[in-house]
Amino acid sequence: MKKSALWLLALSAQALAQQPIPDFTANNASAPDPGTKGPPAPSYGYPGAPDIYSDATPSFRQGKPSYEAELTTVPTFQSIGIYWAPPGADSDRRSRVKYRKHGEPGWKDGLPLWFDPRNKEYRGSLVMLDPGTSYDIALSLADQPDMTAATTQSTWSEQFPVARTITLPPGVLLQPGERVSRPYQITESGKPGAYVRYVSAPFDADPAQRSTIDMGAADAHLSAGNSCVVVNASYVIVSKLQLKNCQRQGIAILAPSHDVIIEDNDISGFGSAPVTTESPPTAGDVPTNKIVPGNYMEAGVYCENSQSNPGQRVQRVVIQRNRIHDPRYGSIHWGYAHPNSAQAVTFSHCGDNHVIRYNTIYSTPGHYFGDGIGGGSNFSFEGFPNADSDIHGNDISGVFDDAIESEGANRNVRIWGNYLHHVFAGIALATVSEGPVYAFRNILGDTAGMTDPVAANQDAVGHGVFFKLGSREPIVNGGRAYFFHNTNLQPPPIGNLQYPLGAAGFLTKGGGDTCNVVSRNNLMTSSLYWSVVQVYENCGKNDIDYDAYRGGISFVDKVSTSELHPAPGSARDSGARAVVFNAGSKVWPTIELFEYHDYPTAQYQSGKVFLTTKAPANAGDYQLKPGSLGYGSGVYLPNFNEAAQATPADTGIDAGAHQRNTPPMEFGVDAYRPKP
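Residues numbered from 1 in each chain as written. Predicted model: local features only at pLDDT ≥ 70, side-chain atom pairs only at ≥ 80, totals over all residues. Heavy atoms only, no water.

### Quick look at the overall build of the protein chain
Piece 1. The secondary structure content of the protein chain amounts to one helix and 48 strands.
Piece 2. Rg of the C-alpha trace for the protein chain: 24 Å, near the compact-globule value of 26 Å for 676 residues, within the 12% margin.
Piece 3. Expressed as lengths along the three principal axes of its C-alpha atoms, the size of the protein chain is roughly 75 × 60 × 55 Å.
Piece 4. Within the span of the protein chain, comprising 676 residues, buried residues form 62% of the whole.
Piece 5. In the protein chain, of all internal contacts separated by at least 6 residues, the share reaching a separation of at least 24 is 74%.
Piece 6. Taken as a whole, the protein chain presents about 24,500 Å² of accessible surface, with 51% of it coming from carbon and sulfur.
Piece 7. Distance from the positive charge centre (51 side chains) to the negative charge centre (64 side chains) of the protein chain: 3 Å. (Helix = DSSP H or I, 4+ residues; strand = E, 2+ residues; numbered from the N terminus. Rg over C-alpha atoms; globule rule 2.2 N^0.38 Å. Buried < 20%, exposed > 50% of the residue type's maximum accessible area, 1.4 Å probe, protein only. Contact = heavy atoms within 4.5 Å. Areas by Shrake-Rupley, 256 points an atom, 1.4 Å probe, with all protein chains shown as cover. Lys, Arg positive; Asp, Glu negative; His and termini not counted. Charge placed at Lys NZ, Arg CZ, Asp CG, Glu CD.)

Have a look at this one:
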């Protein structure tokens, strides 16, 4: 696979040696003991769960390192999570990380591991690595040079060896005499190095030949097992199928399945509703004013293991290059209550070590998603995606709540390079109970009309946020969260509107109390000139600095201030320096305002729809123009940007998602495919 545009160019050892390694001051010094027992677990949870916050008694809650070994590494395609618990580990002893491809002579610096005093462990990740490659990793303590550790770890290969291929029949799969498809059961497992691939019949010459499971009109009387595809196997690949009108989920993954690849499928029309619910007014891909909510959190790709033994839960699922769109029912919006109904991906209590990348997720007015990618339980020591997982390169739109909901443990979770637009909130991280989580080089576009579209004046209602942080439950709080090089776009107003169409806030405490937040090199803007940062220090200190911003900064007790080292030209109001892109106005999509009147008396209505009618013409170019706010204002972050020759006016490192002189950014199903 072609290398992502976010890949960091090779640095010379001399250049690296000249760069200071950042040691951040954020902490969780006031976080409660995670071993504190909470209320009893719910009846629908795992019978052995000690309380509502976790399904077992993990080592973390006992104050022990995550693994028995002193040093453990956990890979994905492009990341390696690191866990190190040397004797005498302490928050006063700063870690250092170096890495290199196995056998190469020169070392590169990684971002220092974060020390968590709650379980006396250093944790962190290496990112943007090559798939299928071995890396040497060397750890040390800056304040105790004789304390070292080393290992070699390979990233996952993108080539999955297939021992057997099962090709489904062409066209719609039907039993004799029946008009709608039945669930397709996947029960034959492969083994390590020998996957079983379930694939569509060839359809390049004739799309009608694509293997299709179409379950027809909604029938709420059918059992919960009536999903288009049910996976109860391991080491399997589900590829190139068309799944339509699924009575429950598009693809349901059951415990104890593991090592499951879901790729290149088209999934639509999924989801159910209670028996008493009326039928949706239109098919999922036909816009309507009338919203008929379905059952909450059903999904195109679904996993729910809350009653499964934690040791038997689904592990290592890859969801890549799928189109997941237009669920049967639609979510309500915040103008009525908390968004509900279907999601594109739902994982609840489903293990860890997952990768969700290069998917295109979208929907039609009246059929919007609740969340795009998400799961549960949010305020817990598990949640989604739990640990050692990556979410990147996705194109997500048509979401009335969070485009990406990554909430719970968030232990060595990496979220990067996603394009999020026509959503209420970009990325929800409420909560980060363990950490660290890394959110970097993501782009958030238009959010107007996704809070309360039935309001008469869209300038007078909220415009959503980029990152939602915090915890309502003090016990599940205090994990480290990093925010590097994200771009908050502000498409210009349309019609009679006064304000731009992007988010009103960047880092916000919408989920509750916050602490241990680190922010660097972000391009932060507010469409309403509210506070771009509103996070407090309830359980420890934050370290938010060196960002470029247009909007207020509120750190403690709603006192507005500024960062200590803001990018030149940053300010809380319209007096801030303008954000100017190399591509100029081509970075903006064409957005038009629509209102549908097919059901004028409907209880729930889609209201004013700010619909993208033409994609941006910038071809993935989000680089800043010289003189723009954020151009040349960034600071060095090892493994997250590259060192540059600095001048007094230009560090050579730009704020925001797209560094100068790098290839275009790509998102969705065709991102970084080899070009002809």
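From this point on, the discussion continues.
### Some details on unusual backbone geometry
Piece 1. Cis peptide bonds are those with omega within 30 degrees of zero, and the linkage from Ala255 to Pro256 qualifies with 5°.
Piece 2. Turning to its location among the elements, Pro256 is positioned in the loop between β16 (251–253) and β17 (258–263).
Piece 3. In this structure, Ser341 is a non-glycine residue whose phi angle is positive, near 75°.
Piece 4. For Tyr546, which is not glycine, the phi torsion reads 60° and is therefore positive.
Piece 5. Positionally, Tyr546 belongs in the loop between β43 (543–544) and β44 (548–550).
Piece 6. Using a relative accessible area of 27% as the deciding quantity, one classes Tyr546 as partly exposed.

### A few points about the nonpolar core
Piece 1. Ile253, Phe347, Phe467 and Leu507 are the most contacted members of the largest nonpolar core, which has 72 residues in total.
Piece 2. Sequence-distant contacts of Phe347, that is, excluding residues within four places in its chain, are made with Ile253, Val301, Cys303, Val317, Ile319, His354, Gly374, Gly375, Gly376 and Phe384.
Piece 3. Core analysis: the next-biggest nonpolar cluster, separate from the first, contains 19 residues, Leu489, Ala548, Leu624 and Phe667 among them. (Core = buried A, V, L, I, M, F, W, Y, C linked by side-chain atoms within 4.5 Å.)

### Things to note about the sheet that holds strand β27 (residues 387–392)
Note on sheets: strands pair through backbone hydrogen bonds, and any given pair is parallel or antiparallel.
Piece 1. Pairing is parallel in the open sheet, where 12 strands are placed in the order β9-β11-β14-β17-β20-β23-β27-β31-β34-β37-β40-β43. Two strands bound the open sheet, and with one partner strand each, they are β9 (162–167) and β43.
Piece 2. Here four bridges tie strand β31 (residues 411–416) to strand β34 (residues 437–440), and the two strands are oriented parallel to one another. Bridge assignment links Val413 to a residue of β34, and that residue is Val437. (Pairing = 2+ DSSP bridges.)

### Structural notes on the environment of Leu113
Piece 1. Position of Leu113 relative to the elements: it lies in the loop between β4 (108–110) and β5 (114–116).
Piece 2. Sequence separation between Leu113 and Tyr83 is 30 residues, and the spatial gap between their C-alpha atoms is 8.6 Å.
Piece 3. The residues touching Leu113, leaving out its near neighbours within four places in the chain, are Ile82, Trp84, Ser95, Val97, Tyr122, Arg123, Gly124 and Leu139.

### Re the pairing of β17
Piece 1. Burial runs high along β17: five of the six residues are buried.
Piece 2. Sheet analysis places strand β14 (residues 236–239) next to β17, joined by four bridges and oriented parallel. Its bridge partner being in β17, Val238 is matched across the sheet by Ile262.

### A short note on the environment of Phe60
Piece 1. Locating Phe60 in the fold gives a position in the loop between α1 (13–17) and β1 (71–75).
Piece 2. On the basis of relative accessible area, Phe60 is assigned to the buried category, the value being 3%.
Piece 3. C-alpha of Phe60 to C-alpha of Ala583: the two residues are 523 residues apart in sequence and 47 Å apart in space.
Piece 4. Residues contacting Phe60, with those up to four places away along its chain left out, are Pro34, Asp116, Arg118, Asn119, Arg123, Phe381, Ser433 and Glu434.

### Re the domain arrangement of the protein chain
Interface size is often expressed as the accessible area that is lost when the parts come together.
Piece 1. Segmenting the protein chain into domains produces domain 1 (53–154) and domain 2 (162–614).
Piece 2. Just the C-alpha atoms count here: the centres of domain 1 and domain 2 sit 29 Å apart.
Piece 3. If you look at the interface, domain 1 gives 28 residues, while domain 2 gives 35 residues.
Piece 4. On the domain 1 side of the contact with domain 2, Tyr53, Asp55 and Trp114 bury the most area, a combined 29% of that side's loss.
Piece 5. The interface formed by domain 1 and domain 2 holds one salt bridge in total.
Piece 6. For Asp55, the salt bridge identified is with Arg313, shortest N-O distance 2.5 Å.
Piece 7. Across the domain 1-domain 2 interface, the total number found is 19 residue pairs in polar contact (both at pLDDT 80 or more).
Piece 8. When contributions to the side of domain 1 that touches domain 2 are tallied by element, the ones reaching two or more residues are β1, β2 (80–84), β5 and β6 (121–126).
Piece 9. Element by element, the count of residues in the side of domain 1 that touches domain 2 is highest for β2, at four residues. (Domains from an automatic or database assignment. Buried area = accessible area lost by both parts, 1.4 Å probe. Salt bridge = Lys/Arg side-chain N within 4 Å of Asp/Glu carboxyl O. Polar contact = N/O pair within 3.5 Å; in protein donor to acceptor, adjacent residues only side chain to side chain.)

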